[in-house]
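Each chain, letter by letter, is given below.
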Amino acid sequence: MSLPRSVRSALRGLIDYAGLFPPAQESMDDAVRHYAAYRRAAHQWMLGRFVVPASRLDEFAAAVAAYLPDAHGEWHLSVLLGPEIEQDLARIAALNAAHRGVVCDAVEVRAGSAGDIVTLARHLRPSGLAAYVEIPVAEDPAASVAALRVAGLRAKIRTGGVTVDAFPTAAMVARFLGHCVRAAVPCKATAGLHHPLCGEYRLTYEAGSAHGSMFGFLNVVLAAAWLRDGATDAQAVELLLERDPRAIVFSDTGVRWRDVTLLTPRLEQLRQSWFIAVGSCSFREPVAELGFVEGWH
């Protein structure tokens, strides 16, 4: 049975692989090896960029050399910037110049306020890189999202971590997504998103790990699409909290969640121009746990 077209529209290139980060926290050699394997796997079409800190680019370059040139095309990186932004951008420029087959075309950085975003923009806009700025969402981030729009930068939300208190509420996530929709600011989400649907999961891979409520990447993508189609933030909260796989049905024409239908062309538009990616320390889990989708295997 073939995979419904709406599945690929919703999930193509969605998962930015962050295996270097908790809770997986793989070594550089292991993370690079796994990413190389995922690029050759059946569901490689779901795979996005390799996420790496700027401070570890030399280590990455040494590890990836054994896999280049790659018949499957260029490796695309999203690089996390540290406090020394100009120094990190110079590292990126050097890597892009020296390594055929590897290109950094996106960066990620944190900002605590709208004022910080104005300062960041002076460094980031001339770089020509897609720049995602992680902003706090516990308080209303409207001013920060507005500043990102003016600066021509993108937004990033942290949707989890390895402790229960690292997770924002569904209302906070919906509010962030809603602001990004209304301001036409492209965005991504990261952390705690290696399962398709919201549920109770282990917070780490350690034996005896605590459990907590985690968002699903499918919930987030579909909530973003529904907001784009005119849903209110409060309505989006309901979809962010959906746990029943039987409530979500994919077809060639679109995705149906309960009595809401999101059409395939709108999903394609959403993913290409607005909701760009989800950062996850795992690629195996997102793929394995989508077995409830008709035609998946």
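Shown above is the structure to which this text applies.
(A) Expanded view of the overall build of the protein. If you tally the helices and strands in the protein, you get eleven helices and 13 strands. Dimensions of the protein, computed from C-alpha atoms along their principal axes, come out at roughly 50 × 45 × 40 Å. Expressed as a percentage of the 297 residues in the protein, the buried residues total 55%. Put simply, 70% of the contacts in the protein that link residues at least 6 apart link residues at least 24 apart. As displayed, the protein offers around 12,800 Å² of accessible surface, 52% of which is attributable to carbon and sulfur atoms.

(B) Structural detail: the side chain of Ser-282. On the secondary structure map, Ser-282 appears in the loop between β13 (275–280) and α11 (284–288). Ignoring anything within four residues of it in the chain, the contact list for Ser-282 reads Ile-15, Tyr-17, His-194 and Tyr-205.

(C) View of the pairing of strand β4 (residues 102–110). Burial within β4 is extensive, with seven of its nine residues counted as buried. The sheet contact formed by strand β3 (residues 75–80) and β4 spans six bridges and is parallel. Of the residues in β4, the one forming a bridge with Ser-78 is Ala-106. Across five bridges, the pairing between β4 and strand β5 (residues 130–134) is parallel. Counted as the bridge partner of Val-107 is Ala-131 from β5. Crossover β4 to β5 through helix α5 (residues 114–124) is right-handed.

Reading guide: rules and limits
Residues numbered from 1 in each chain as written. Predicted model: local features only at pLDDT ≥ 70, side-chain atom pairs only at ≥ 80, totals over all residues. Heavy atoms only, no water. Helix = DSSP H or I, 4+ residues; strand = E, 2+ residues; numbered from the N terminus. Buried < 20%, exposed > 50% of the residue type's maximum accessible area, 1.4 Å probe, protein only. Contact = heavy atoms within 4.5 Å. Areas by Shrake-Rupley, 256 points an atom, 1.4 Å probe, with all protein chains shown as cover. Pairing = 2+ DSSP bridges. Right-handed = clockwise from strand over helix to strand, strands pointing away.

Keep in mind these numbers describe shape, not what the thing actually does.
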